[in-house]
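# Structure assessment
Listed below are the residues making up each chain.
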Amino acid sequence: MSDERQHPYTYNFNAGPAKVPQEVLRIAQDEFIYYRNSGISVMEMSHRSVEFEAIINDAEKLLRELLNIPENYKVLFAHGGGTGQFASIPLNLAQAGDVVNYAITGTWSEKAAKEAEKYLKVNRVTTKPEKFITIQPQSTWNIDPAGKYLFYTDNETIHGIEYQVPVTPVPGMPLVFDMTSNFLTRPVNVSNYGAIIAGTQKNAGVAGLAIIIVRDDLIGKPQTICPSILDYKVLNANRSLYNTPATYSIYMCKLYLQWIKDQGGLEEMARRAKIRSSLIYNVIDQSNGFYVNVIDPATRSRVNAVFRVGGPTGDAELEKRFLEEAAKRNFVGVKGHRSVGGIRISMFNACPVKDAEVVAEFLKEFMKNNQK
Ligand SMILES: *Cc1c(COP(=O)(O)O)cnc(C)c1O
């Protein structure tokens, strides 16, 4: 289906909040003022109404279907995004004084570790690199066997680093991972994990919502200081309706999940992610150093392609021109994160393969016109 929102079409490569499928926005538009036969908007209805109950139940059902979530796992919807979960995990899965293990692969995992340090002793299992360009192999990790869990970030959104081999679970130590930026972009064996956390604004909806998939035996032992809205036991006992949840974000998430299912599910999302990122990396690799991606090819992200223009540390003049030309093509969100610079093309679930093809063509053309 063509995207008719704007003329001409805007290529949205924002890193989050990110593009939402056109079909999802159309349904939301149709149901915006009057949700079906309720006579009111989703934003105006009680979170305890029959209509909203059906929305949140459908969202959970769809997620369970897409990820094939085993019955002994609970699905929780919470406020606070991914960052809220950086606090929720240590507050729910360990007690004051406990040690926990964190694999640091970039900005997001470091943020998660810093937050956990407010409550627990954090053991960083990886050595501090000069620059984040790869994932240190798990065989080299210094895992504290007393650790209450092992945490990692599946995709580092800012650096463009992603695990392409799943972390092997350590017996007796729940594996916890942040999947915010590659959530639902490939199948996952949920039973390998103690908990999976994700904010929905990149791959599964809009801002304001976090999803937690947690093994039920890990629920119910929060630290005494754990705030109620971060407490998995409270969320679970109240079926994510302890306080007013982010009702509209849950509704948007439901529509997005239905769209993923209609498109062919996670295998199809994975297929598209691979094609999109390969299109970009192929041009970079064949550019004779005009474009440079410093990430170890075995750990390159399928959703955030991060690169420099004109050399390994970028040519300021060329990158400025690149951004100007990209803006003329109606590309949005392609400037790299301020902490790493350069260019970043974010291609989450809603990004059509066609949009990556257009970027690849643009990369070739820009190189042709600007090569010295
Ligand atoms: C965006 C992001 C977050 C933070 O999400 P918020 O909802 O803004 O708190 C956490 N982890 C990863 C990997 C992210 O990409």
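Since the structure is predicted, the reported quantities are computational estimates derived from the model, not experimental observations. (Residues numbered from 1 in each chain as written. Predicted model: local features only at pLDDT ≥ 70, side-chain atom pairs only at ≥ 80, totals over all residues. Heavy atoms only, no water.)

## Considering the overall build of the protein chain
From N to C terminus, the protein chain includes nine helices and 14 strands. What you see for the protein chain is a C-alpha radius of gyration of 21 Å, in line with the 21 Å of a compact globule of 372 residues. If one aligns the C-alpha atoms of the protein chain with their principal axes, the spans along those axes are about 65 × 55 × 30 Å. Per-residue burial for the protein chain yields a buried fraction of 55% across its 372 residues. Put simply, of all contacts in the protein chain between residues at least 6 apart along the chain, 68% involve residues at least 24 apart. Accessible area for the protein chain stands at about 16,300 Å²; split by element, carbon and sulfur atoms hold 52% of it. The protein chain carries 42 positive and 39 negative side-chain charges, and their two centres are separated by 3 Å. (Helix = DSSP H or I, 4+ residues; strand = E, 2+ residues; numbered from the N terminus. Rg over C-alpha atoms; globule rule 2.2 N^0.38 Å. Buried < 20%, exposed > 50% of the residue type's maximum accessible area, 1.4 Å probe, protein only. Contact = heavy atoms within 4.5 Å. Areas by Shrake-Rupley, 256 points an atom, 1.4 Å probe, with all protein chains shown as cover. Lys, Arg positive; Asp, Glu negative; His and termini not counted. Charge placed at Lys NZ, Arg CZ, Asp CG, Glu CD.)

## Examining the domain arrangement of the protein chain
Looking at the protein chain, the domain boundaries give domain 1 (24-262) and domain 2 (265-370). If you average the C-alpha positions of domain 1 and of domain 2, the two centres end up 27 Å apart. Taken together, the contacts link 28 residues of domain 1 with 24 residues of domain 2. Buried area between domain 1 and domain 2, both sides added, is near 2,200 Å², and the carbon and sulfur share of it is 55%. (Domains from an automatic or database assignment. Buried area = accessible area lost by both parts, 1.4 Å probe.)

## Comments concerning the nonpolar core
Core analysis: the biggest nonpolar cluster contains 57 residues, and Leu-63, Leu-67, Phe-183, Leu-184, Ile-213 and Tyr-251 have the highest contact counts within it. In terms of residue count, the dominant contributor to this core is helix α6 (residues 247-263) (10 residues). Residues from two domains meet in this core; each of domain 1 (24-262) and domain 2 (265-370) gives at least three. If we ignore the near neighbours within four places in the chain, the residues touching Tyr-251 are Ile-27, Ala-28, Glu-31, Tyr-35, Val-42 and Ile-55. The next biggest cluster of nonpolar side chains, apart from the first, holds 28 residues, and it includes Val-309, Phe-331, Val-334 and Met-347. (Core = buried A, V, L, I, M, F, W, Y, C linked by side-chain atoms within 4.5 Å.)

## Remarks on the site of the ligand
Around the ligand there are 13 residues in total, and Thr-83, Thr-157, Asp-178, Gln-201 and Lys-202 lie nearest to it. The backbone of Gly-82 places a nitrogen or oxygen atom 3.0 Å from an oxygen atom of the ligand. Within the side chain of Thr-157, one N or O atom sits 2.4 Å away from an oxygen atom of the ligand. Within the complex, 87% of the 380 Å² of free accessible area of the ligand lies under protein. (Near = heavy atom within 4 Å. Polar contact = N/O pair within 3.5 Å; in protein donor to acceptor, adjacent residues only side chain to side chain.)

## Looking at the sheet that holds strand β4 (residues 121-124)
Strand order in the open sheet formed by seven strands is β2-β10-β9-β8-β5-β3-β4, with mixed pairing between adjacent strands. Lying at the two open borders of the sheet, with one neighbouring strand each, are β2 (73-78) and β4. Taking the axes of each pair of neighbouring strands and ignoring which way they run, one obtains an average angle of 20° across the sheet. As paired elements, strand β5 (residues 150-153) and strand β8 (residues 175-178) share four bridges and run parallel to each other. Residue pairing for β8: Tyr-152 is matched across the bridge by Phe-177. Most of the contacts of helix α2 (residues 50-67) go to β2, to which it runs at about 130°, and overall it touches β2 and β10 (210-215). (Pairing = 2+ DSSP bridges. Axes fitted to C-alpha atoms, helices over the stretch in contact; angles between N-to-C directions.)

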